[in-house]
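Each chain, written out:
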Amino acid sequence: MLSAVERKIEQFIADLNDKEVSGLYAQLPHGKRLRAKLILKIAGGSISVIKTAAIVEMIHAASLLHDDVIDDAYTRRSKPSLNALYGNKTAIMLGDVLYSKGFLELNNISTDVAKMISNAVVQLSLGELKDVSLSKTFNLDKDLYIEMIYQKTASLMEASAGAAALLAGKSKEAYMRYGRNLGIAFQMIDDLLDITSDSATLGKPALHDFEEGKTTLPYIYLYEVLESEEKEKLKSLHAKKLSIEEQFWIKTKMQEYQVIQKSYQEAKLLIEEAITLMNEKGEDALSNIAMQMIERDF
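Residues numbered from 1 in each chain as written. Predicted model: local features only at pLDDT ≥ 70, side-chain atom pairs only at ≥ 80, totals over all residues. Heavy atoms only, no water.

Colleague: Describe in detail the environment of I220, supporting the description with residues and values.
Modeller: You can see I220 is positioned in helix α12 (residues 217-225). Take I220: its relative accessible area is 0%, and that puts it in the buried class. Through-space distance from the C-alpha of I220 to that of S263 is 9.9 Å; in sequence the pair is 43 residues apart. Those residues within four positions of I220 in sequence are excluded, and the remaining contacts are N139, L140, D141, K142, Y145 and T215. (Helix = DSSP H or I, 4+ residues; strand = E, 2+ residues; numbered from the N terminus. Buried < 20%, exposed > 50% of the residue type's maximum accessible area, 1.4 Å probe, protein only. Contact = heavy atoms within 4.5 Å.)

Here is the structure:
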């Protein structure tokens, strides 16, 4: 059914009757389509479900286009990002087109679904702003970090699961909790991979997040356990280009204090709760999607 979602997105883009937009969109990587998979697994393959999945993926693509501009990211999935190829203005405007088309098409689904997904995009935008603000200093507030990744990443996954439940006539609360947990854990694990994976695997430089000013969970936990002089050293490395020696020091200290494992356990607890919720509903496919997220080596 994912192929039906792809065709629907292509149709939505074709409806715009703009060759430039069609050409630019064709160059975007499709990614995992995780949000679409959740919607299809929860609600089946009716036309309204296919449309909702397509809209959510267009909105997600728009957020990534804006993300790359905000982060000065010149690669995505090991390929040049759209802003690297055509400039920030083009990337931002294509994102705006995808957002706008998505909202237009939401009107054809249902009022409740439209409200749920639109509210998630408000949260997503607030999360983007919070991410920029938090990157200006070394953030030590774990609650602020969790709130930011909820808004920026998990809110749309939560809304996707909730909208699918509405379309399927299912009680939405457990599915929204599942989507929320999945989204927060997904971002936590993504943040871990920025530290533990090599540049070739990531498709971007390793420890790129910290160099960009992002203080993700492992850095917060590391700061808490370091001695005072080392605390100052870690803060001094924030938001700067790291040498090989400085990268090695950070990774060595994280290994010494097992902060990667601690951060991973936090993500794992969220996933385990999500799996339990779906097992209680007999939603084996959704449990399996969640399970795949934690079956990784760090």
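Colleague: Lay out the packing of aromatic side chains in plain terms, naming residues and giving numbers.
Modeller: Going through the model one piece at a time under the given rule, you end up with 4 aromatic pairs. Aromatic side chains Y99 and F103 sit 6.4 Å apart centroid to centroid with 10 degrees between the ring planes, which places their arrangement in the stacked category. With Y99 and F103 both in helix α6 (residues 88-106), this residue pair falls 4 residues apart, about one helical turn. Relative to F210, the ring of F138 lies with its centre 6.1 Å away and its plane at 90 degrees, an arrangement referred to as edge-to-face. Taken together, the residues span a long stretch of sequence, with F138 in the loop between α7 (111-134) and α8 (142-168) and F210 in helix α11 (residues 208-211) at a distance of 72 residues. (Phe/Tyr/Trp six-rings, centres within 6.5 Å; stacked < 30°, edge-to-face > 60°.)

Colleague: An account of the nonpolar core is requested, with residue identities and associated values reported.
Modeller: In this structure, L98, Y178, L182, M188, L234 and I250 are the most contacted members of the largest nonpolar core, which totals 101 residues. The residues contacting L234, other than those within four sequence positions of it, are F138, F210, Y219, L222, Y223, L226, W249 and I250. (Core = buried A, V, L, I, M, F, W, Y, C linked by side-chain atoms within 4.5 Å.)

Colleague: Lay out unusual backbone geometry with the relevant residues and their values.
Modeller: A positive phi angle, near 55 degrees, is found at R33, a position not held by glycine. Tracing the chain through its elements places R33 in the loop between α2 (19-26) and α3 (34-43). Residue R33 is classed as buried on the basis of its relative accessible area, which comes to 7%.

By themselves, these figures tell us nothing about what the structure is for.
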